[in-house]
Amino acid sequence: MKVTDKLSTYRHASSEDRIDLATRLGKSFSALSPGLTRDYFIKCLEETVNVGDPRDLELDEAVRLCVAAQRGPGEE
C-alpha cells in the first residue's frame with residue numbers, strides 16, 4: 001500500500017498491509033515527533049477511515065491530518 005492510494009484501499013486492506021504502512025509511517029515521522037509511532041498511525045488512520053465517508057481522499061491527506069492532530073498547541 002502507498003500513501004497515494006485512496007482511503008477506500010486502506011479500508012479494504014489486510015491487517016498485515018495496514019500494519020506495514022503504519023510501521024513505515026512511524027519510522028519516517030518519529031524523527032519529527034516521538035509521538036508519531038506505528039501504534040499512533042494505526043489508531044489515527046483507523047479512526048479517519050471509519051468516520052464518515054472518505055470519498056476519494058488519498059492516504060497522504062489522512063497522514064497529514066494525523067500529523068497535524070498529534071502536534072500540540074502552538075507547534076508548527
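As a reminder, the structure under discussion sits directly above these lines.
From a predicted model like this one, the values you see are computed outputs, not experimental measurements.

Peer 1: In this structure, what is going on with the packing of helix α2 (residues 15-29) against helix α3 (residues 38-50)? I would like to understand it.
Peer 2: In a packed pair of helices, the relevant descriptors are the angle between the two axes and the axis-to-axis distance. Contact geometry of α2 with α3 gives a least axis separation of 7 Å together with a crossing angle of 125°. Taken together, the axis directions place α2 and α3 in an arrangement best described as oblique. α3 is crossed by α2, and the crossing has right-handed handedness. Taking contact as the criterion, the partners of R18, I19, L21, A22, T23, L25, G26 and F29 in α2 are, on α3, R38, F41, I42, L45 and E46. Considered class by class, the residues forming the contact of α2 with α3 number eight nonpolar, two polar and three charged.

Peer 1: I tried to follow the side chain of S33 on my own but got confused; where do I start?
Peer 2: Inspection of the secondary structure assignment puts S33 in the loop between α2 and α3. Within the structure, S33 has its side chain in polar contact with the side chain of Q70 (distance 3.0 Å).

Peer 1: Would you mind showing me how to read the environment of R71 here?
Peer 2: By the element assignment, R71 lies in the segment after α4 (59-70). Along the backbone, R71 and S33 are 38 residues apart, and their C-alpha atoms lie at a distance of 8.2 Å.

Peer 1: Would you explain α3 in this entry?
Peer 2: Counting along an α-helix, one turn takes 3.6 residues, and residues three or four places apart therefore face a common direction. When the terminal C-alpha atoms of α3 are compared, their 18 Å separation across 13 residues agrees well with the 18 Å that a helix rising 1.5 Å per residue should span. Here α3 has its buried residues at Y40, F41, C44, L45 and V49. When α3 is viewed along its axis, its buried side chains cluster within an angular range of 145° and face the same direction. α3 presents K43 and N50 as exposed residues on the side facing more than 90 degrees away from its buried surface. Looking at the buried positions of α3, the neighbouring elements they touch are α1 (7-12), α2 and α4.

Peer 1: I would appreciate a short explanation of the pattern of salt bridges in the present structure.
Peer 2: When the charged atoms of two side chains lie near each other, side chains of opposite charge can form a pair. By the definition in use, this model includes six salt bridges. The closest approach of N and O atoms between R18 and E46, which form a salt bridge, is 2.6 Å. On the criterion of sequence distance, the pair formed by R18 in helix α2 and E46 in helix α3 is long-range, its members being 28 residues apart. Classification of R18 by relative accessible area gives buried; the value is 16%.

Criteria and cut-off values
Residues numbered from 1 in each chain as written. Predicted model: local features only at pLDDT ≥ 70, side-chain atom pairs only at ≥ 80, totals over all residues. Heavy atoms only, no water. Axes fitted to C-alpha atoms, helices over the stretch in contact; angles between N-to-C directions. Helix = DSSP H or I, 4+ residues; strand = E, 2+ residues; numbered from the N terminus. Parallel < 35°, antiparallel > 145°, perpendicular 65-115°, else oblique. Left-handed = near helix turned anticlockwise from the far one by under 90°. Contact = heavy atoms within 4.5 Å. Nonpolar A, V, L, I, M, F, W, Y, C, P; charged D, E, K, R; others polar. Polar contact = N/O pair within 3.5 Å; in protein donor to acceptor, adjacent residues only side chain to side chain. Expected span 1.5 Å × (residues − 1). Buried < 20%, exposed > 50% of the residue type's maximum accessible area, 1.4 Å probe, protein only. Arc of directions from axis to C-beta. Salt bridge = Lys/Arg side-chain N within 4 Å of Asp/Glu carboxyl O.

The quantities given are spatial measurements derived from coordinates; they are silent on function.
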